[in-house]
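Working through the structure, step by step
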Amino acid sequence: MLKLSLTTGEYLTIGDNVVVQVYRSEGGRTYLAIDAPREIPVVRGSVLEREGGRRPERLAKVKPRGHQSEFPV
């Protein structure tokens, strides 16, 4: 798993047609802008799990709220 630290305005690409940009970070929250083709589903993890989907096993481990995560965003 690749782990990155991005600051506001920085972005990453996935393949040739997906771009993810950090557009704001405040109060412990990070806001992302995602540009992907309509045929690529982009679903928030909490929505996926609420609708019966399984949490991916390969997610990075993070510490409980109030603590620094394993890697800064």
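Residues numbered from 1 in each chain as written. Predicted model: local features only at pLDDT ≥ 70, side-chain atom pairs only at ≥ 80, totals over all residues. Heavy atoms only, no water.

It is worth spelling out the environment of Leu-48 at this point. Mapped onto the fold, Leu-48 is located in helix α1 (residues 45-50). Apart from the residues lying within four places of it in its own chain, the contact partners of Leu-48 are Val-43, Gly-53 and Arg-54. (Helix = DSSP H or I, 4+ residues; strand = E, 2+ residues; numbered from the N terminus. Contact = heavy atoms within 4.5 Å.)

Moving on to the pairing of strand β3 (residues 29-35). Here strand β2 (residues 18-26) runs beside β3; their pairing, made up of seven bridges, is antiparallel. In the sheet register, Glu-26 faces β3, and the bridge partner there is Arg-29. (Pairing = 2+ DSSP bridges.)

As a further point, take the packing of aromatic side chains. A complete count under the given rule lists one aromatic pair for this structure. With 6.2 Å between their ring centres and 55 degrees between their planes, Tyr-23 and Tyr-31 make a pair best called tilted. In this structure Tyr-31 comes out as partly exposed when scored by relative accessible area, which is 23%. Its end group placed over the ring of Tyr-31, Arg-24 keeps NZ or CZ at 4.1 Å from the ring centre. (Phe/Tyr/Trp six-rings, centres within 6.5 Å; stacked < 30°, edge-to-face > 60°. Buried < 20%, exposed > 50% of the residue type's maximum accessible area, 1.4 Å probe, protein only. Lys NZ or Arg CZ within 6 Å of the ring centre and 35° of its normal.)

Before going further, it helps to examine the pattern of salt bridges. By the definition in use, this model includes two salt bridges. We note a salt bridge from Arg-24 to Glu-26, for which the minimum N-O separation is 3.7 Å. Assessed through its relative accessible area of 35%, Arg-24 is described here as partly exposed. With a closest N to O distance of 3.3 Å, Arg-55 and Glu-49 form a salt bridge. Here Arg-55 falls in the exposed class, since its relative accessible area comes to 54%. Glu-49 gets classed as partly exposed once you look at its relative accessible area, which sits at 35%. (Salt bridge = Lys/Arg side-chain N within 4 Å of Asp/Glu carboxyl O.)

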